[in-house]
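As a plain string of letters, each chain reads:
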Amino acid sequence: MEAAESIAGPRRVRLFVADDWVDGVGAEPLRVTSPATGEEIALVEQGTRADVARAIEAATGALEPLARMTAFERGGLCHRIADRLLERREEIARDITAEQGKPFRSQALPEVDVAAEMFRDAAESARRLDSAVHPSSDPAKRVLTIRQARGVYGIITPWNFPLAIPSEYLSAGLATGNAMVWKPSEWTPLSAWHLMRCFLDAGVPEGTLSLVLGAPDEVGDEVAGNPGIVAIGLTGSSRTGELVARRAAGKPMLLELGGNGPTIIFDDADVAKAIRQTAFGSFENAGQICNSTERILVHARLHDEVVAGLVDEAAKVRLGSPFEDETTMGPVANEPTAAKMDSHLEDARERGAEIVFGGARAGGFPTSLYYEPTVLDGVTTAMRLNVEETFGPVAPVLTFSDEDEALAWANSAPFGLNGSVFTRDIGRALRVAEKLQTGTVNINETSAYWQPHTPAGGFTGKKSGMGRIGGIYTLLEMTQVKTITIDIEEGSS
Ligand code: NAD
C-alpha cells in the first residue's frame, strides 16, 4: 500500500505556550515546503523571547504537581503518549516523510515506533531509578541519596529524526518530573505539532511542556540563555553546540552533536558483509544520521574489491518519491544540506579524488533535493569530506596500509561520535575499538547501528558533544543526586 502522495495544503502550526495554542507575534509565519514534492506544507507561527519567558513561567508552575506524582504515575503518562503515537502512526509518519523526505514505509513508520518505544522505556526505567543508602563512617549517622528532577529544561532538537530525537528528551524529562520548554527544528514543525498533541491528549499537568517555534537565533538563543531554564538538552550540529554551550554556560548540558563516522575495513574482514553494512551506513536516511558512515578506510589489499562493491550497492539504491514503497532513498531534507554535499564534492574533486558513482543532484524530480548516492575514491585526510560532517549520501574511500595508519587517520577528524571496524581478528577488533576516539564503536557492523536504550554520545576532546543519551542514561543526565544525612543519636540536642 502506498501513502497518499499529495499533501493537502499548508497547515498552520501554532505555538503551544502556557497551556494555550497561540499565534506568534514575531516575524511573519515561516513557509515550509516539502523536500519531496516542493509543495508548501506548513505555515509556522514565529514566537519571540517573550514566548520563551511565558513558557518558563508555566513550566515553573508545573514542577510541584510533577514532583507530587510518583514515578509510576509519570510513567503512566509516558505509556499514554506512546499509545497516542501508535494510534496516529500512519498520519504522523506521512508528515515526517512530507517534511523531512525519508521513505514512508521503511523509515518514517519505524521512526514512530522507535519514538513510542522511547516513552515506554522511560516509563519503565523511571520505576527502577533507585539510589543508595551509603555506608556511614560515623555510627550516629545514616546517609542516603535520592535522584530529583533538575527543574525547567530547555530542549532544542534537529530535523533528521524529527520525532525520535525529541522523544528521547521529552520521555526521560517527563518520566523524571522535569518541565520542559521545547524548540524544535524550523524545518520539521509538523512532527513537533504531533508530539505536542500526544502530550496534551495524555493529560500531562499544565505547563509541563511548551512548544516554542521561532528563529534559532531568537527563540533558540533565549531557551539556551534565559536563567529561568536551568538545564539544556540539545541535539544538533557542533557549531550550534558551541553557541548554545556559551549561552548556557554553567548549566548542566546534554549535548549530542555532529559526527563523521570512520569505518575501518581490515584485510581479513568479511568483505561482502563490510561492503553491505558500510553502504547502508552511508545511504540510509540519505546519509543524514549523526552516526552515518562518512569515511571508509580500506586496507590497500581490498581496495579494488571494496570500491567495486560500494558502486554495486550505490547502483541498487532506489532514489525516488519517499511515498513509494520501492524507494530506498528520498531527497535530502533541505537546500543547505544539498549545498554542503555540492561543496564537499567540489573540494574533493579539486584535491584529486575521483567520483566513481553519482556525484550530483538527480534530475527529473519535483525538487532539486534528490541527490545521487555517491562513491568517491582517492580521498585524503586533508579533504573537507574527512574533516567536516557532510550529512549527505556519500561513501568516501581512503586507502591505508597498516593498523597504525588507519587509526591515525580515523582519529584525525575533529568529530568522535560513532566508529566501526571490520575484521575477523578479535584481538585487533578490541584493540582498535579501545583506541578509536569515538563514543561508540561497532564491530563488524555499520557505524550507523544503534539501539535506542544504550548510551550514545561524543568522545571527550572531540566536537561531538558531552554526556550520554539513551534509555536510562538520559534519565540519569536529566536528574540530580541529592545526599541526605540523618543523625540518629538520641538526646544529643
Ligand atoms: P542545527 O544545529 O542546525 O539545529 C539544531 C537545533 O538547534 C534546531 O532546532 C535549530 O533551530 C537550533 N539552533 C540553531 N542555532 C541555534 C542557536 N544559535 N541557539 C539555539 N538554538 C539554535 O542542526 P540540524 O541541521 O537541525 O541537525 C543536524 C545536525 O544534528 C548534524 O550535525 C547531526 O550530526 C546532529 N545530530 C546529532 C545527533 C547525536 O545524537 N549526536 C543526532 C542527530 C543529529
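As the structure is a prediction and not an experimental result, all values here were calculated from the model.

Counting secondary structure elements, the chain contains 15 helices and 21 strands. Against the globule reference of 23 Å for 493 residues, the chain gives a C-alpha radius of gyration of 23 Å, in line with a compact fold. Overall size of the chain, expressed as C-alpha extent along the three principal axes, is 80 × 60 × 40 Å. The buried share of the chain, taken over its 493 residues, is 56%. For the chain, restricting intrachain contacts to residue pairs at least 6 apart in sequence, the fraction spanning at least 24 positions comes to 73%. Carbon and sulfur atoms make up 52% of the accessible area of the chain, which totals about 19,100 Å². Each charge sign in the chain was given a centre, from 47 positive and 69 negative side chains, and these centres are 3 Å apart.

Mapping Glu313 onto the fold places it in helix α10 (residues 303–316). Under the relative-accessibility criterion, Glu313 is labelled buried at 17%. Separated by 3.0 Å, the side chains of Glu313 and Lys316 make a polar contact. Among all residues touching Glu313, those that are not within four sequence positions of it are Ile275, Arg276 and Ala279.

This part is about unusual backbone geometry. Notably, Asp19 is not glycine yet its phi reads approximately 65°, a positive angle. Relative to the assigned elements, Asp19 resides in the loop between β2 (15–17) and β3 (20–22). Looking at Asp19, the relative accessible area reads 32%, which means it is partly exposed. Even without being a glycine, Asn285 presents a positive backbone phi close to 50°. The topology assignment puts Asn285 in the loop between α9 (271–283) and β14 (295–299).

Before going further, it helps to spend a moment on the nonpolar core. Core analysis: the largest hydrophobic core is formed by 132 residues, its most contacted members being Leu85, Phe119, Leu170, Leu174, Val181, Ile264 and Ile265. The element contributing the most residues to this core is helix α4 (residues 104–127), with 10 residues. Per-domain counts for this core show at least three residues from each of domain 1 (4–257 + 468–480) and domain 2 (261–453). Each residue touching Leu170, except ones within four places of it in the same chain, is listed here: Phe119, Ile155, Met180, Trp182, Leu195, Phe199 and Leu209.

Below, the discussion takes up the sheet that holds strand β5 (residues 40–44). Taken together, 3 strands build an open sheet; the order of strands is β1-β5-β4 and the sheet is mixed. Whereas interior strands pair on both sides, the edge strands pair on one side only; in this sheet they are β1 (11–13) and β4 (30–33). Direction aside, neighbouring strands of the sheet carry axes that sit 25° apart on average. Direction of pairing for β4 relative to β5: antiparallel, over a ladder of 4 bridges. Of the residues in β5, the one forming a bridge with Leu30 is Val44. Strands in contact with helix α6 (residues 189–202) are β1, β4 and β5; relative to β1, the strand with the most contacts, it is inclined by about 65°.

Moving on to the confidence of the model for the chain. Should the pLDDT be low somewhere, the predicted coordinates at that spot are not to be read in detail. Of all residues in the chain, 98% have pLDDT values of 70 or greater, and the mean over the chain is 96. Overall, residues 1–6 carries pLDDT values under 50, and its contacts beyond four positions in sequence, including any with other chains, amount to 17 contacts.

What counts, and at which threshold
Residue numbers restart at each chain and count upward from 1, following the sequence in its written direction. Two thresholds apply to this predicted model, a pLDDT of at least 70 for residue-level local features and 80 or more for giving and counting side-chain atom pairs, whereas whole-chain, interface and lining totals are computed over all residues. To get the side-chain values, all heavy atoms of the structure are used, and hydrogens and water are removed first. Going along the chain from the N terminus, every DSSP run of H or I of four or more residues is numbered as a helix, and every run of E of two or more is numbered as a strand. Both definitions apply: the radius of gyration is a C-alpha atom measure, and the globule rule equals 2.2 Å times residues to the power 0.38. Relative accessibility decides the category of a residue: with a 1.4 Å probe and only protein chains considered, values under 20% of the type maximum give buried, values over 50% give exposed, and everything between is partly exposed. We call two residues in contact when some of their heavy atoms are within 4.5 Å. Throughout, the Shrake-Rupley method with a 1.4 Å probe supplies accessible areas, and for residues the shown protein chains are the sole cover considered. For the purpose of counting charges, residues Lys and Arg are taken to be positive, whereas Asp and Glu are taken to be negative. His and the chain ends are not included. By convention, charge coordinates are those of NZ in Lys, CZ in Arg, CG in Asp, or CD in Glu. Side-chain atoms alone can form a polar contact between residues adjacent in sequence; in general such a contact is a pair of N or O atoms within 3.5 Å, and within protein one must be able to donate a hydrogen while the other accepts it. We define the nonpolar core as a collection of buried residues of types Ala, Val, Leu, Ile, Met, Phe, Trp, Tyr and Cys that are connected through side-chain atoms lying within 4.5 Å of one another. Here the bounds of each domain stem from an automatic or database domain assignment. When DSSP finds two or more bridges between two strands, those strands count as paired. Fitted lines through C-alpha atoms give the axes, limited to the stretch in contact for helices. The angle between two N-to-C directions lies from 0 to 180 degrees. Predictor confidence is given residue by residue as pLDDT, running from a minimum of 0 to a maximum of 100.

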